[in-house]
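# Notes for the structure review
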Amino acid sequence: MMDAGKRLRPGQIVQVLRGREAGRYAIVIRFEEPHFVWLVDGDKRKYGQSKKKNVKHIQPTNHIAREVADSLAKEGRVTNAKLRYALNQYLLRIGEEKGE
């Protein structure tokens, strides 16, 4: 598998591959060595109840939600509204790329 620890960053959008939330998109908010990340989406999975996921069970995208990454860096947390907004913007963008 890939060495996700090198590629994943706070604020990065990932797609969940395994589990109840398979197929959904989420945002990485922190890591736990050696191979876990904590994911949130601001909707079903609020900031206060982040989901611990093995990196083998997620597919990273190349997109980093700037506003989320900045907020995490500055304040150490991020609002659920900001998470929802960032994910919606991303989904709109990939929707357009797929020709919808």
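Residues numbered from 1 in each chain as written. Predicted model: local features only at pLDDT ≥ 70, side-chain atom pairs only at ≥ 80, totals over all residues. Heavy atoms only, no water.

With that out of the way, let us pick up the side chain of aspartate 41. By the secondary structure assignment, aspartate 41 is in the loop between strand 3 (36-40) and strand 4 (51-54). Classification of aspartate 41 as buried rests on a relative accessible area of 6%. From its side chain, aspartate 41 meets the backbone nitrogen of aspartate 43 in a polar contact 2.7 Å long. Side-chain polar atoms of aspartate 41 contact the backbone nitrogen of arginine 45, separated by 2.8 Å. (Helix = DSSP H or I, 4+ residues; strand = E, 2+ residues; numbered from the N terminus. Buried < 20%, exposed > 50% of the residue type's maximum accessible area, 1.4 Å probe, protein only. Polar contact = N/O pair within 3.5 Å; in protein donor to acceptor, adjacent residues only side chain to side chain.)

Moving on to helix 3 (residues 80-97). Residues that lie three or four places apart on an α-helix share one face, since the helix turns once every 3.6 residues. Under the 1.5 Å per step criterion, the end-to-end length of helix 3 is 26 Å for 18 residues, consistent within 8% with the ideal 26 Å. Buried within helix 3 are the following residues: Leu83, Ala86, Leu87, Tyr90, Ile94 and Gly95. On the buried face of helix 3, the contacting elements are strand 1 (12-16), strand 2 (25-32), strand 3, strand 5 (58-64) and helix 2 (66-75). (Expected span 1.5 Å × (residues − 1). Contact = heavy atoms within 4.5 Å.)

Positionally, threonine 61 belongs in strand 5. Residue threonine 61 is classed as buried on the basis of its relative accessible area of 10%. Polar contacts involving the side chain of threonine 61 include one to the main-chain carbonyl oxygen of isoleucine 13, which spans 2.5 Å. Among the polar contacts listed, one links the side chain of threonine 61 to the backbone nitrogen of histidine 63, at a separation of 3.2 Å. Contact partners of threonine 61, with chain neighbours within four places excluded, come to Gln12, Ile13, Val14, Tyr25 and Tyr90.

Moving on, we get to the nonpolar core. Ile27, Val68 and Leu83 are the most contacted members of the largest nonpolar core, which has 16 residues in total. Those elements giving two or more residues to this core turn out to be strand 2, strand 3, helix 2 and helix 3. When residues of this core are assigned to their parent elements, the largest contribution, 5 residues, is made by helix 3. Residues contacting leucine 83, with those up to four places away along its chain left out, are Ile27, Val40, Asp41, Gly42, Tyr47, Val68 and Val78. By size, the runner-up hydrophobic cluster in this structure holds 9 residues, among which are Leu8, Val14, Val37 and Val55. (Core = buried A, V, L, I, M, F, W, Y, C linked by side-chain atoms within 4.5 Å.)

Attention now goes to the confidence of the model for the protein chain. Looking at the protein chain as a whole, its pLDDT mean stands at 91, while 91% of the residues score no less than 70. Segment residues 1-5: pLDDT under 50, and 4 contacts once partners within four positions in sequence are set aside and those in other chains are kept. (pLDDT = per-residue confidence, 0-100.)

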